[in-house]
Amino acid sequence: MKRRKFCRGTGLAMASMMLPAPSIAVLGAASTGANRYELVAQKGAQHLAGQANPQTELLLYGNNTPGPLLVGRKSDMLEVEFINRLEMASTIHWHGIRNLNEMDGVPELTQPNVEPGERFHYRFALKDAGTFWYHAHNMAWEQVARGLYGPLIVLEEEEQLDASNMVLVIDDWRLTADYQIDMASMGSLHDWSHGGRLGNWLTINGKSKPDIQIARDTPVRLRLINAANARIMTFSLAGDNQFEVVAIDGAPCTAFMTDRITLAPAQRLDVMVSLQSAQALQEVSSDQPFDVAMLRPEITLDNPAPNRPDARPWYPRPDMADARVIDIHMQGGAMGNLSSAMFQGEELSLRELAQQHRKLWAFNGEVGGYHNLLAEVDLMQKIVLRVHNDSRWPHAIHLHGQHFWVNSSEITSEPVWMLRDTYLMAQGEKAELIFIADNPGQWLFHCHMLEHHAAGMGGVISVS
Ligand code: C2O
Ligand code: CU
């Protein structure tokens, strides 16, 4: 990891706390049970690199990155009027939500692209409480890298987002020497064939090394969201403090203690922390720990709202006796074993794919896209996606529309069964992703290293 620019933020006084108060117009009548928001996507600028440095020009939802914190209550409807004031088409995907297919926000697959000047009304029920996020899904590799994403929290009945329940959206940006988004390298084939677009500047809630005031004398729930294009991040707390992991990709889990947590792009972890004094949250994936934020237990809450999720996941791991097995062979990228693949009905060499079409990855011998069908399955069928990462790169593989069970060693050395929507697969790994196909529609299955997806790591699972 390049530390050069990460370190420039040191010593700047940066005042910040929670996410800024939602800057959205809350249009709705609570009496209908509807949570209604307006989300405008447009150009803007923000002090990503601290007040002392120039603002960074970005693409923003509601004039900030991360975009406004959208909050809903479980079982309510969420309504978002999306207004596109960008110069390019866009859509919004609600990552991790077991959504209606037509509200899933995948252009060309579940809805038409929302062109500049157009709008689209998203409206769906919130079935599950937990930590989610939303992001642009058209040319996500560029639009997310320029700032188009935000947190979505669905609360249980009695939960509140007070100082004992904090949302931390983490991103790594690739900035130039004058603190602008590095546009020259946007779409670099080198990134697409290697580990994706890795940044050189880390922010939490759009700020460099923020001071985050949290509740004192009570365990605090941190809801971490990795919004990076491609960076896998590992965190620890200074001062031998541990995390207690209580939810994974939104869904509650059997709690466990750990001193390190890893989040691949798009993954979320909810962790409980009990700090006696101010401690740094550190990114430790390189040999040099890097302080990303200071957590200060300074806020006294008279009545902290309940902040621990129920220990039961949304649904139990199904028995797989008569499950249908679908094999997915992932190949491609630099130093890989993909020599040729099918693309638009033609078998092309990897060189032709890369040079003529900017494609570098394949599922089952076929370069993927929004129209590549990986499987057609029956509604309520038990499914095992047997995935083989036959490449030299890790991949954060994401299924839209439903979570799956996976026996994961992502965080602990002993594997643990987890309910997830995004799973980090190591080089060479074979994994089984298990679920009941209870959500009808055309569901995208793709790598959330967004450059890999753009270069062919994606396909569709059709449930009907
Ligand atoms: Cu969060 Cu298809 O993505
Ligand atoms: Cu990938």
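Our structure is the block above this text.
Since the model is a prediction, treat every value here as computed from it, not as a measurement.

Draft legend 1. View of the packing of aromatic side chains. Counted according to the given criterion, the structure contains 12 aromatic pairs. For the ring pair tryptophan 133 and tyrosine 149, a centre distance of 6.2 Å and an interplane angle of 70 degrees mean the geometry is edge-to-face. One end of the pair, tryptophan 133, is in strand 7 (residues 130-136); the other, tyrosine 149, is in strand 8 (residues 149-155), and 16 residues separate them in sequence. Comparing tryptophan 133 with tyrosine 149, the two get one shared label, buried. When the ring of tyrosine 149 is compared with that of tryptophan 173, the centres are 6.3 Å apart and the planes differ by 35 degrees; the resulting orientation is tilted. Highlighted residues: tyrosine 149 in strand 8 and tryptophan 173 in strand 9 (residues 165-173), separated in sequence by 24 residues. Each member of the pair, tyrosine 149 as well as tryptophan 173, is classed as buried. Ring-pair connections join several aromatic residues into one group, and the members of that group are Tyr61, Phe82, Trp94, Phe120, Tyr122, Phe124 and Tyr134. The ring of tryptophan 417 is capped by arginine 317, whose NZ or CZ atom sits 3.9 Å from the centre of that ring. Here arginine 358 stacks its cationic end above the ring of tryptophan 192, 4.6 Å away from the centre of that ring.

Draft legend 2. Examining the nonpolar core more closely. By size, the foremost hydrophobic cluster in this structure holds 64 residues, and its most contacted members are Ile328, Leu385, Leu433 and Phe445. In this structure, Val80, Phe120, Ala136 and Ile434 belong to the second largest nonpolar core, which totals 36 residues.

Draft legend 3. Up close: the pattern of salt bridges. For the structure shown, the criterion picks out 23 salt bridges. The closest approach of N and O atoms between aspartate 128 and arginine 98, which form a salt bridge, is 2.7 Å. Of the two residues, aspartate 128 is situated in the loop between strand 6 (119-125) and strand 7 and arginine 98 in the loop between strand 5 (92-95) and strand 6; the sequence distance between them amounts to 30 residues. The pair aspartate 128 / arginine 98 is uniform in exposure class, with both members buried. In this structure, arginine 223 and glutamate 159 form a salt bridge, with 3.7 Å as the shortest nitrogen-oxygen distance. Of this pair, arginine 223 sits in strand 12 (residues 220-226) while glutamate 159 sits in the loop between strand 8 and strand 9, and the two are 64 residues apart along the sequence. In this structure glutamate 159 comes out as buried when scored by relative accessible area, which is 4%. Here the salt bridges share partners, and the residues they tie into one network are Asp249, Arg268, Glu410, Arg420 and Asp421.

Draft legend 4. Representation of the coordination of the copper ion (ligand 2). Every protein donor of the copper ion (ligand 2) is accounted for by His395 (ND1), Cys447 (SG) and His452 (ND1), and the metal-donor separations fall at 2.0 to 2.1 Å. Counting along the primary sequence, the residues that act as donors to the copper ion (ligand 2) give the motif H-x51-C-x4-H. Linking histidine 395 in strand 26 (residues 395-399) with histidine 452 in helix 4 (residues 450-454), this pair joins segments that are 57 residues apart in sequence. On the basis of relative accessible area, histidine 452 is assigned to the buried category, the value being 0%.

Draft legend 5. View of the sheet that holds strand 15 (residues 251-258). The mixed open sheet is built from 6 strands, whose spatial order is 10-9-12-17-14-15. Strands with a single pairing partner mark the edges of an open sheet, and in this sheet they are strand 10 (201-204) and strand 15. On average, each strand axis in the sheet is inclined to that of its neighbour by 25 degrees, with strand direction left out of account. Both strand 14 (residues 243-248) and strand 15 contribute to a ladder of 5 bridges, which runs antiparallel. Bridge pairing in strand 15 places alanine 247 opposite proline 252.

What counts and what doesn't
Residues numbered from 1 in each chain as written. Chains lettered and ligands numbered in written order. Predicted model: local features only at pLDDT ≥ 70, side-chain atom pairs only at ≥ 80, totals over all residues. Heavy atoms only, no water. Phe/Tyr/Trp six-rings, centres within 6.5 Å; stacked < 30°, edge-to-face > 60°. Helix = DSSP H or I, 4+ residues; strand = E, 2+ residues; numbered from the N terminus. Buried < 20%, exposed > 50% of the residue type's maximum accessible area, 1.4 Å probe, protein only. Lys NZ or Arg CZ within 6 Å of the ring centre and 35° of its normal. Core = buried A, V, L, I, M, F, W, Y, C linked by side-chain atoms within 4.5 Å. Salt bridge = Lys/Arg side-chain N within 4 Å of Asp/Glu carboxyl O. Donors = N, O, S within 2.8 Å, 3.2 Å for Na, K, Ca; no water. Pairing = 2+ DSSP bridges. Axes fitted to C-alpha atoms, helices over the stretch in contact; angles between N-to-C directions.

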